[in-house]
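# Structural overview
What follows is the residue order along each chain.
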Amino acid sequence: LVDQQRRQFERSSEHCRAFAKKFSRSELAPRIAFIDAENEFLAGSYERAVTAYSDYQRTYPSDSMQSKAELRIGLALQQLNKPDDALPHLVKAASGLDQDKTMLPAVLALGDISFERSEWKAASEKFQQFIAVSSAESSGVDDAMLKLGLAQARLNLFEDALKSFDALLERFPQSPHR
């Protein structure tokens, strides 16, 4: 974990694989497999991350980190520009938002995919959901507010769009979207 926290993902993965090889039946094995997959994701090795998370899900189907793995698979596939493959994972992850607020990035990703596809109503709904649940410190809120306003404008909801843009400027006066 220390190597991962220091952003030394390859070294952390080496430790994870050595542990898994030596202690495959340990009660920590699911956690180590998840950390190994996280290393790939955090390093930007999204193809390998998808494989590692999928292996984790298959090997440890009852482990408590399954929903986080589902989210990461969806986000990795989105990064790989595979939105059709990402959607079922993101939808499943977002469905757990009521119980687990760490699934919030799935909602933003679903909004982004809808926005990129010019599905303005769906994008608007997801961005509104993301903004409503997000804290002020949440990453991506100002982008979501901008895209919400743009989606509303595309839906000819100009008053709503102006309100969204005003809210963006009020909530994030230092935003690069200013």
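Overview of the structure. (Residues numbered from 1 in each chain as written. Predicted model: local features only at pLDDT ≥ 70, side-chain atom pairs only at ≥ 80, totals over all residues. Heavy atoms only, no water.)

## A look at the packing of aromatic side chains
Applicable threshold: Each Phe, Tyr or Trp ring (for Trp, its six-membered ring) is paired with any other whose centre lies within 6.5 Å, and the angle between the two planes then decides the class: stacked below 30 degrees, edge-to-face above 60, tilted in between. Strands are runs of DSSP state E lasting at least two residues, helices are runs of H or I lasting at least four, and both sets are numbered from the N terminus onward. For the exposure calls, accessible area comes from a 1.4 Å probe over protein chains only, and a residue counts as buried if that area is under 20% of its type's maximum, exposed if over 50%, partly exposed in between.
For the structure on display, the rule yields eight aromatic pairs. Aromatic side chains F34 and Y56 sit 5.5 Å apart centroid to centroid with 65 degrees between the ring planes, which places their arrangement in the edge-to-face category. Of this pair, F34 sits in helix α3 (residues 29–42) while Y56 sits in helix α4 (residues 46–59), and the two are 22 residues apart along the sequence. Residue classification places F34 among the buried residues on the basis of a relative accessible area of 5%. Exposure remark for Y56: the relative accessible area of 1% places this residue in the buried category. With a centroid separation of 5.5 Å and an interplanar angle of 75 degrees, the aromatic rings of F41 and Y46 are classed as edge-to-face. Classification of F41 as buried rests on a relative accessible area of 11%.

Taken by themselves, the reported measurements are silent on function.
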